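Spelled out from the first residue to the last, the chains are:
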Amino acid sequence: MDVLGSKKTSLQGLVELLFKSQTETHLTHILQRKKLLCEHSALATYYDEIDDLLDSMAELCMAHGLIGNLSVPACNEITNSESYFENLYKEVEGYRSALSSFPFLISKLDDIQELISQTIYRLKFIQS
């Protein structure tokens with residue numbers, strides 16, 4: 001596979017991962033099994049704010065032919081929100097090298113990781 005082809009697959013994986021995170025966060029927010037207002041609010045903020053960031057990244061990738069058809073992997077309820085977002089941050093960081101040829105996308109990735117970090121903070125340090 002050519003270099004652009006592997007970046008295309010990688011960037012598509014990133015966008016699909018973020019769509020999955022938005023859906024899983026929303027699902028967990030609605031089910032609210034832990035009954036914690038702090039978690040409920042942190043999750044609501046994440047799924048609301050990731051929407052515009054994800055939309056912008058996906059549109060830029062599509063405009064430059066970097067991604068094609070998208071699908072959202074199967075979604076599940078999040079059992080440990082703090083751990084989930086720490087792992088999500090690391091997974092998203094793993095895609096950074098795929099963006100090296102597309103500097104206009106790096107700031108988008110930075111904004112997404114900032115939101116994930118803010119969510120981690122809210123889950124760790126804000127108690128209801």
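Above: the structure in question.
Chemist: Explain a nonpolar patch on the surface here, please?
Modeler: On the surface, Y121, F125 and I126 cluster together to form a nonpolar patch covering roughly 330 Å² of accessible area. Here F125 shows up in helix α4 (residues 103-125).

Chemist: Quick question: what am I supposed to make of helix α3 (residues 81-93) here?
Modeler: Helical geometry note: an α-helix holds 3.6 residues per turn, so side chains three or four residues apart project in the same direction. The terminal C-alpha atoms of α3, which comprises 13 residues, lie 18 Å apart, in line with the 18 Å expected from a rise of 1.5 Å per residue. With a side-chain oxygen positioned 3.3 Å from the backbone nitrogen of E82, the residue opening α3 is N80.

Chemist: Can you walk me through the pattern of salt bridges in this structure?
Modeler: Two side chains of opposite charge can pair, provided their charged atoms sit close to one another. Scanning all chains against the criterion turns up six salt bridges. With a closest N to O distance of 2.5 Å, K20 and E24 form a salt bridge. On the criterion of helical spacing, the pair formed by K20 and E24 is a turn pair, its members being four residues apart in helix α1 (residues 3-31). We classify E24 as buried; its relative accessible area is 4%. The residue R96 makes a salt bridge to D110 at a minimum N-O spacing of 3.0 Å. With R96 in the loop between α3 and α4 and D110 in helix α4, this residue pair connects regions lying 14 residues apart in the sequence. The exposure class of D110 is partly exposed, given its relative accessible area of 36%. Residues joined in a network through salt bridges with shared partners are E93, R96 and D110.

Chemist: Where do I start with unusual backbone geometry in this structure?
Modeler: Peptide bonds are trans in most cases, and residues, glycine excluded, mostly fall at negative phi. One non-glycine residue with positive phi stands out, namely Q32, at about 40°. As for its position among the elements, Q32 is in the loop between α1 and α2 (37-63). When its relative accessible area of 13% is taken as the criterion, Q32 is described as buried. The phi torsion at K35 lies on the positive side, around 55°, for a residue other than glycine. Topologically, K35 is positioned in the loop between α1 and α2. The exposed category is assigned to K35, whose relative accessible area is 67%.

Reading guide: rules and limits
Residues numbered from 1 in each chain as written. Predicted model: local features only at pLDDT ≥ 70, side-chain atom pairs only at ≥ 80, totals over all residues. Heavy atoms only, no water. Patch = residues over 30% accessible without salt bridge, like charges linked within 9 Å, V, L, I, M, F, W, Y side chains within 5 Å. Areas by Shrake-Rupley, 256 points an atom, 1.4 Å probe, with all protein chains shown as cover. Salt bridge = Lys/Arg side-chain N within 4 Å of Asp/Glu carboxyl O. Helix = DSSP H or I, 4+ residues; strand = E, 2+ residues; numbered from the N terminus. Expected span 1.5 Å × (residues − 1). Polar contact = N/O pair within 3.5 Å; in protein donor to acceptor, adjacent residues only side chain to side chain. Buried < 20%, exposed > 50% of the residue type's maximum accessible area, 1.4 Å probe, protein only.

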